[in-house]
Amino acid sequence: MEQVITIKLKLFEPTQAKQEMYRAMADRTTDFANQYLALDKQTRPKTSKEAKQYSEPLLSAVLCQAIRDIEGKKKAKEFKRLWPGFNNQNFRVEKEVSKDGGAVWKVSFPTLEKRVGVPVIVTEYQAKRLEQLMAGKAKQGTAYLVKRGKAWYIHLSLTVTVEEEKKPEKYMGIDLGLIDLAVASVNGQTLFFSGGELAYIRRRYANLRRKLQKKRAHRAIKKLADKEHRWVTAVNHLISRKLIDMAILHGATVIRMEDLRSARWTKSQRKEQRQDSGRSLHNWPFYQLQEFIGYKATLAGVKIERVNPDLTSQTCSRCGERVKSRPKSRWFTCPRCKKSKHIDANAADNIAQAISGLAA
Ligand SMILES: [Zn+2]
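Calculation criteria
- Counting restarts for each chain: residues are numbered from 1 in the order of the written sequence.
- Since the coordinates come from a predicted model, pLDDT governs what is reported: local features require at least 70, and pairs of side-chain atoms require 80 or more to be given and counted, while whole-chain, interface and lining totals use all residues.
- Note that the side-chain values use all heavy atoms of the structure and ignore hydrogens as well as water.
- Pairs were defined over the aromatic rings of Phe, Tyr and Trp, the Trp ring being its six-membered one, requiring ring centres within 6.5 Å. Orientation was assigned from the angle between planes: stacked under 30 degrees, edge-to-face over 60, tilted for the rest.
- Working definition: helices are DSSP H or I runs of at least four residues, strands are E runs of at least two. Numbering for both runs from the N terminus.
- Buried residues are those whose accessible area, probed at 1.4 Å on protein chains only, stays under 20% of the maximum for their type, while exposed residues exceed 50% and partly exposed ones sit between those limits.
- Two conditions define a charge sitting above a ring: the NZ of Lys or the CZ of Arg must be within 6 Å of the ring centre, and it must be within 35 degrees of the ring normal.
- Here the expected length of a helix is defined as 1.5 Å per residue gap, with one fewer gap than residues.
- A 2.8 Å cut-off from the metal defines N, O and S donors, relaxed to 3.2 Å for Na, K and Ca; water is not in the atom list, so some sites may appear incomplete.
- Here, any two strands with at least 2 DSSP bridges between them count as paired.
- Every residue pair with non-hydrogen atoms within 4.5 Å of one another is taken to be in contact.
- To obtain each axis, a line is fitted to C-alpha atoms, and for helices this fit is confined to the stretch in contact; angles are then taken between N-to-C directions over 0 to 180 degrees.
- Between 65 and 115 degrees an angle is taken as roughly perpendicular, under 35 as roughly parallel, over 145 as roughly antiparallel, and anywhere else as oblique.
- Each crossing is labelled by how the near helix is turned from the far one, with a counterclockwise turn of less than a right angle marking it left-handed and a clockwise turn marking it right-handed.
- Each residue receives one of three labels: charged for Asp, Glu, Lys and Arg, nonpolar for Ala, Val, Leu, Ile, Met, Phe, Trp, Tyr, Cys and Pro, and polar for the others, Gly being one of them.

Per an unreviewed UniProt entry, the recorded name for the protein is IS200/IS605 family element transposase accessory protein TnpB, and the organism is Thermanaerosceptrum fracticalcis.

1. Comments concerning the packing of aromatic side chains
Given two aromatic rings, their pairing is described by the distance between the two centres and the angle made by the two planes. Scanning the model with the defined rule gives eight aromatic pairs in all. Seen in terms of ring centroids, W83 and W152 are 6.1 Å apart; in terms of plane orientation they differ by 85°. Their pairing is edge-to-face. Placement of the pair is W83 in the loop between α3 (60-72) and β2 (85-86) and W152 in strand β7 (residues 151-161), with a sequence separation of 69 residues. The exposure classification of W83 matches that of W152, with both residues buried. Relative to F109, the ring of F91 has its centre 6.4 Å away and its plane inclined at 20°; by these criteria the two rings are stacked. Here F91 is found in the loop between β2 and β3 (92-97), whereas its partner F109 is found in strand β4 (residues 103-110), with 18 residues between them in sequence. This pair shows no difference in class: F91 is buried, exactly as F109 is. Aromatic rings pair up to connect Y22, W83, F86, F91, F109 and W152 into one cluster. Here the basic side chain of R256 rests over the ring of Y171, its NZ or CZ set 3.7 Å away from the ring centre.

2. Details of helix α8 (residues 284-299)
Along its 16 residues, α8 runs 23 Å from first to last C-alpha, staying within 8% of the 22 Å computed at 1.5 Å per residue. Positioned one or two residues after α8, G301 has a phi angle of 75°, which is positive.

3. As for the coordination of the zinc ion
Ideal values for angles at a metal depend on the geometry: 109.5 degrees with four tetrahedral donors, 90 or 180 degrees with six octahedral donors. Distances from the zinc ion to its protein donors, namely C316 (SG), C319 (SG), C334 (SG) and C337 (SG), fall within the range 2.2 to 2.3 Å. Along the chain, the residues donating to the zinc ion fall in the pattern C-x2-C-x14-C-x2-C.

4. A look at the sheet that holds strand β5 (residues 115-121)
Hydrogen bonds along the backbone pair up the strands of a sheet, which may run parallel or antiparallel. With antiparallel pairing, seven strands are arranged side by side in an open sheet as β2-β6-β7-β1-β5-β4-β3. With one partner strand each, in any of the chains shown, β2 and β3 form the two edges of the open sheet. Pairing analysis gives nine bridges linking strand β1 (residues 2-11) to β7, with the strands arranged antiparallel. Bridge pairing in β7 places K8 opposite H155. In the packing of helix α4 (residues 124-134) onto the sheet, the strands contacted are β1, β3, β4, β5, β6 (138-148) and β7, and the crossing angle to β1 comes to about 115°.

5. Observations regarding the environment of I201
Within the fold, I201 resides in helix α5 (residues 196-214). A relative accessible area of 12% places I201 in the buried class. Taking the C-alpha atoms as reference points, I201 and W231, 30 residues apart in sequence, are found 9.4 Å from one another.

6. Here we look at the pairing of β6
In this structure, β2 lies alongside β6, joined through two bridges in antiparallel fashion. Counterpart to F86 in the pairing with β6 is A143. Hairpin remark: β6 followed by β7, antiparallel, with two residues in the connecting loop; positive phi at G149, about 65°.

7. Thoughts on the packing of helix α1 (residues 16-38) against helix α2 (residues 48-55)
Look at α1 against α2: their axes get within 10 Å of each other, and the N-to-C directions meet at 110°. Between α1 and α2, the interaxial angle falls into the category roughly perpendicular. In this structure, α1 meets α2 at a crossing whose hand is right-handed. Seen from α1, the contacting residues are R28, F32 and Q35; seen from α2, they are A51, Y54 and S55. Looking at the contact of α1 with α2 residue by residue, the classes come out as three nonpolar, two polar and one charged.

8. Regarding the sheet that holds strand β8 (residues 171-176)
Strand order in this open sheet of five strands is β10-β9-β8-β11-β12, and the pairing throughout is mixed. Every other strand in the sheet has two partners, leaving β10 (189-194) and β12 (303-307) as the edge strands with one partner each. When the angles between neighbouring strand axes are averaged without regard to direction, this sheet yields 20°. Each of β8, β9 (180-186), β10 and β11 (254-258) is contacted by helix α6 (residues 218-249), which is oriented at about 175° to β10, the strand it contacts most. Sheet strands touched by helix α9 (residues 343-353): β8, β9, β10, β11 and β12. Its angle to β8, the strand with the most contacts, is close to 135°.

Next up, the structure:
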């Protein structure tokens, strides 16, 4: 990314004679600006040659810069001060290395009488920028001779390429399941949302539905379905909100979730999915929950990534050891590092790490 910056270099203790030169130069430039402004638009000098009559002995390049600066201030009626500006042909930065290895930065520019070379006071930051300039990594723009208080400065504009600092991403993993509806893991902290109640209520609705179906009570079935839908939606809003709040609280920049659409499951994994009712995610409440998480994350400026869910329940999130099948209990105990962790928290950790890669 290119950026224009201005560095303000203080001229080091100018002598009385030098200060006189600078003042004369600034006065001449200001006088020219006011003469120029006083002319009507048609008669204003267009070239430095035409401008010469108003401004002898200002250099053409300084005149041209002054004209650009005046034209750039459309509303100006009078200039109290117009500081002389030098282009990269007239203004130079030099670095001198003294015998003791220290560096002295100098700038040189034209005045009405002669060209002067003067030392400047440079901060560490400014020195870094000037080094970039010497190395051809920064482009020199206009340099203005400016007085602030009793001191004289050079305001030098530079176009520099700034490397955008890449903050490392912070990942939060969310594992969805029926027993624990959602488990989030970020920074080693875990948040559980029990799905117990949801599963219970959905089962109850399913029973009611079956009874009504036997009676062929179609309108009642529809009403029941609507009621269930509203209830699940409300739960999903609540949970997604809490998950996003947790992401924000922990400074997560990316939320990773299983790709429920993943077609990557092997036959045996799919069979396992069907057998293990706790993992049957293929129903709309889970899709809806992911959707809610997705749009709330986007609003909060948190990115969403879908990960391949393979092996997230069968891998130790600490040491990476893999076990052959999904643990039967609610705890994953690693045969290698002996770490024991709640199975869904372990999975959420693995999802945060995207151990099986991102979903296509
Ligand atoms: Zn382990």
